[in-house]
Amino acid sequence: MKHVFLCGNPALDLACTLRARRTERVETLGVPGRLDAWYLESGIVDAVSPSREADLAQAVAVREAIYALVTARLAGDGYDDKALALVNGVARKPPAAPQLTAKGRWVEATPAQALSTVARHAVELLSGPEVPLMKECANPECTKIFIDRSRGGRREWCGMESCGNKIKAAAYRARKKDARTAGTR
């Protein structure tokens, strides 16, 4: 299982590793190795030392704190103090540091450094100019939050493959069904 990166920011992508929060939740970080794979696939690091259960528990706690802060910001509510303290505390720790090698840029990190980097992305996102561009996917079953950088600012879905096609196909079937029932009256 490969991770999906549709949100436009590593902090939002981490927050969305728990899918379908309102229905049948799907956990994509069930074991430490899945967290390591997420760090690598996200591009946060090029190499990460193996995560342990405690690293996974910390990452899940930070993920939930980021999600709480983002959804509060979208709703215009105040931030939860515990979520704010957790994200800020992790962001204060040393991040993954890029190194220049003969072959180019290389980032090797511990799980704590990788998580600090993600927490810093959350701080920058929630305090920066892209806050008005954050949206939740229009699919009622999806809880992904993304940054809408589309030209007209009219992006509705986290991704066409994951949600947009499903919604459009369902709407098409409904229109066809309505047209058939209207024709039989």
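Provided above is the structure to which this section pertains.
(A) Structural detail: empty space enclosed by the protein. Applying the stated criterion across every chain yields a total of one cavity of 30 Å³ or more. Here the largest cavity is characterised by a volume of approximately 70 Å³. Lining the largest cavity are H3, V4, L6, C7, D13, C16, T17, R19, T28, W38 and K144. Partitioning the lining of the largest cavity into residue classes produces five nonpolar, three polar and three charged.

(B) Layout of helix α3 (residues 53-75). Look at α3: 33 Å from first C-alpha to last across 23 residues, which is about the 33 Å you get at 1.5 Å a residue. Taken residue by residue, α3 has L56, A59, V62, R63, A65, I66, Y67, L69, V70 and A72 as its buried positions.

(C) Examining the pattern of salt bridges more closely. On inspection of all chains with the given rule, the structure shows six salt bridges. Close ionic contact of E136 with R22 constitutes a salt bridge, the shortest N to O distance being 2.7 Å. With E136 in strand β6 (residues 134-136) and R22 in the loop between β1 (18-19) and β2 (26-27), this residue pair connects regions lying 114 residues apart in the sequence. Owing to a relative accessible area of 32%, E136 belongs among the partly exposed residues under this scheme. On the basis of relative accessibility, which here comes to 47%, the residue R22 falls in the partly exposed class. In this structure, K135 engages D148 in a salt bridge whose closest nitrogen and oxygen atoms are separated by 2.6 Å. Of this pair, K135 sits in strand β6 while D148 sits in the loop between β7 (145-147) and α6 (160-183), and the two are 13 residues apart along the sequence. Among the residues examined, D148 registers a relative accessible area of 2% and is labelled buried. The network of salt bridges with common partners includes R21, E27, R63 and E64.

(D) Molecular detail of the sheet that holds strand β4 (residues 98-101). If you trace the three strands from one edge of the open sheet to the other, you get β3-β5-β4, paired in mixed fashion. Pairing within the sheet leaves two strands with one partner each, and these edge strands are β3 (47-48) and β4. Two strands pair when backbone bridges link them, and β3 and strand β5 (residues 104-109) are joined in this way by two bridges, in the parallel orientation. Directly across from V48, in β5, lies its bridge partner A109.

Cut-offs and rules
Residue numbers run consecutively from 1 along every chain, following the written order of its sequence. Only residues with pLDDT of 70 or above have their local features reported here, since the model is predicted, and side-chain atom pairs are shown and tallied only from 80 upward, although totals for entire chains, interfaces and linings are computed over all residues. Each side-chain value is derived from all of the structure's non-hydrogen atoms; neither hydrogens nor water enter the calculation. The definitions used throughout rest on a 1 Å grid laid over the protein atoms alone, on which a cavity is an enclosed set of points accommodating a 1.4 Å probe that cannot get out and a pocket is an open set flanked by protein within 12 Å on both sides along at least five of seven lines; lining residues are those having an atom within 4 Å of a point. Grid points are joined across faces, edges and corners, and a volume is the space filled by probe spheres set on the points. Note on residue classes: Ala, Val, Leu, Ile, Met, Phe, Trp, Tyr, Cys and Pro are nonpolar, Asp, Glu, Lys and Arg are charged, and everything else, Gly too, is polar. Think of it this way: any DSSP run of H or I at least four residues long counts as a helix, any run of E at least two long counts as a strand, and we number them from the N terminus. Under the convention used throughout, the expected extent of a helix is 1.5 Å for every residue step, that is, one less than its residue count. Burial here depends on accessible area, computed with a 1.4 Å probe over protein chains only, as a share of the maximum for the residue type. Under 20% is buried, over 50% is exposed, and the range in between is partly exposed. Salt bridge, as used here, is a side-chain nitrogen of Lys or Arg placed within 4 Å of a carboxyl oxygen of Asp or Glu. DSSP-based pairing: two strands are paired if at least 2 bridges between them are found.

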